Amino acid sequence: MSDPLEYKDAPELTGEIFLKGTGYGIRMVFPETGTEEMLLSELERLCIEAPVLSGNLGIVLDFQGRRVSRDFILSLLSRFIWPRKMRVLSWTGYDAETLEDLRTMGAATGEPVPEKTGRREKQTAGALVLAKSLRSGQRVEHEGDVVVVGHVNDGAEIFASGSICVWGRLKGVAHAGLDGHEEHTVIAGVFEAKQVRIGGKVSSALGRSMEWWGKPVIITLENNSLVVRELKL
């Protein structure tokens, strides 16, 4: 299995674009602070100092929770990606509007799926670890497991081919098992979600009347039914 992909605090705190080596090449993590013009200037510097960006390595552009404008995306394409012939594998982040804009512009979104050599057969990606909470309007999509070391607030969404684990409060949407397999789970340190989904199974409306509401739980799909068990931590 490939190494986990982690969102680190460094880019957000420094305002600089952060480069991380991965199994597929390079992950370019954009900070959530600073103007778009500052980011373009920072990218100019990176392209000079890291000529490997124009090589054959695959690149994933990770905007984290930043809302990115269409003008900024077009500037990236016209000023950097097309002239330098960058091999961009995917554009990712967890701002729902940014992801929707990228899709309408024809960009591939989400985490890249590793491939085997030879037959080029697709595998499940590694775990995506988010060391922060998700706010309302933020959306995560990943071809593997997702671990959130924080809260998933009401209005935030996680869609994973694998399992989902939220260390804090789960109040938003969690949809695990998009690959169709039944062995995936949803785990929450504090469950306060109105609905949960695994594979094609969607729970009925949930609320405070549930005896395990506000407690740590593990949710599984068994015999085509969602089963909730309280976790004794």
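Report follows, based on the coordinates. Keep in mind that this is a model prediction, so the values were computed, not measured. (Residues numbered from 1 in each chain as written. Predicted model: local features only at pLDDT ≥ 70, side-chain atom pairs only at ≥ 80, totals over all residues. Heavy atoms only, no water.)

## Considerations on the nonpolar core
Applicable threshold: Definition used in this section: a nonpolar core is a set of buried Ala, Val, Leu, Ile, Met, Phe, Trp, Tyr and Cys residues joined via side-chain atoms within 4.5 Å. When a residue's accessible area, from a 1.4 Å probe over protein chains only, is under 20% of the maximum for its type it is buried; when over 50% it is exposed; and in between it is partly exposed. Think of it this way: any DSSP run of H or I at least four residues long counts as a helix, any run of E at least two long counts as a strand, and we number them from the N terminus.
Of all hydrophobic cores here, the largest spans 28 residues; its most connected members are Leu134, Val140, Val152, Ile158, Leu170, Val186 and Phe191. When residues of this core are traced back to their parent elements, those giving at least two are β6 (128-130), β8 (146-148), β9 (157-160), β10 (164-170), β11 (173-176), β12 (185-191) and β15 (217-222). With 24 residues, the next largest nonpolar core counts Ile26, Met28, Leu76 and Phe80 among its residues.

## Details of the packing of aromatic side chains
A ring pair, where both rings are aromatic, is described by two values, the distance of the centres and the angle of the planes. Going by this rule: Think of it this way: a Phe, Tyr or Trp ring, Trp meaning its six-membered ring, pairs with another when their centres are within 6.5 Å, and the plane angle makes it stacked under 30 degrees, edge-to-face over 60, tilted otherwise.
The tally for this structure, following the rule as stated, stands at six aromatic pairs. Between Phe30 and Phe72 the ring centres are 6.2 Å apart and the planes differ by 90 degrees, which places this aromatic pair in the edge-to-face class. Placement of Phe30 in the loop between β3 (25-29) and α2 (36-49) and of Phe72 in helix α3 (residues 70-84) is noted, with a sequence separation of 42 residues between them. Judged by relative accessible area, Phe72 falls into the buried class, the value being 2%. For the pair Phe191 and Trp213, a centre-to-centre distance of 6.2 Å together with 85 degrees between the ring planes defines the contact as edge-to-face. Of the two residues, Phe191 sits in strand β12 while Trp213 sits in the loop between β14 (201-202) and β15, which places them 22 residues apart along the sequence. For the pair Phe191 and Trp213, a shared accessibility class is recorded, and that class is buried. Connected via pairs of aromatic rings, a cluster forms that spans Phe30, Phe63, Phe72 and Trp91.

## Focus: helix α4 (residues 96-104)
Where we set the bar: Note that the arc is computed from the directions linking the helix axis to the C-beta atoms.
Regarding α4, the residues found buried are Thr98, Leu99, Asp101 and Leu102. Taken around the axis of α4, the buried residues stretch over an arc of 160 degrees, which confines them to a single face. Phi turns positive one or two residues past the end of α4, at Gly106, with a value near 85 degrees.

## Examining unusual backbone geometry
One non-glycine residue, Lys85, adopts positive backbone phi at about 55 degrees. Since its relative accessible area comes to 68%, Lys85 is described here as exposed.

## Some remarks on a negative patch on the surface
Quick reminder of the rule: Surface patches are drawn from residues lacking salt bridges whose relative accessible area is over 30%; two like charges belong together within 9 Å, two nonpolar side chains (Val, Leu, Ile, Met, Phe, Trp, Tyr) within 5 Å. With residues, only the protein chains shown are counted as cover, and all accessible areas are computed by Shrake-Rupley using a 1.4 Å probe. Salt bridge criterion: a side-chain nitrogen from Lys or Arg within 4 Å of a carboxyl oxygen from Asp or Glu. Under the counting rule used here, the positive set is Lys and Arg, the negative set is Asp and Glu, and His together with the chain ends is not counted. Each charge is placed at NZ for Lys, CZ for Arg, CG for Asp and CD for Glu.
Taken together, Glu143, Asp179, Glu182 and Glu183 make up a surface patch of like negative charges. For Asp179, the position within the fold is in the loop between β11 and β12.

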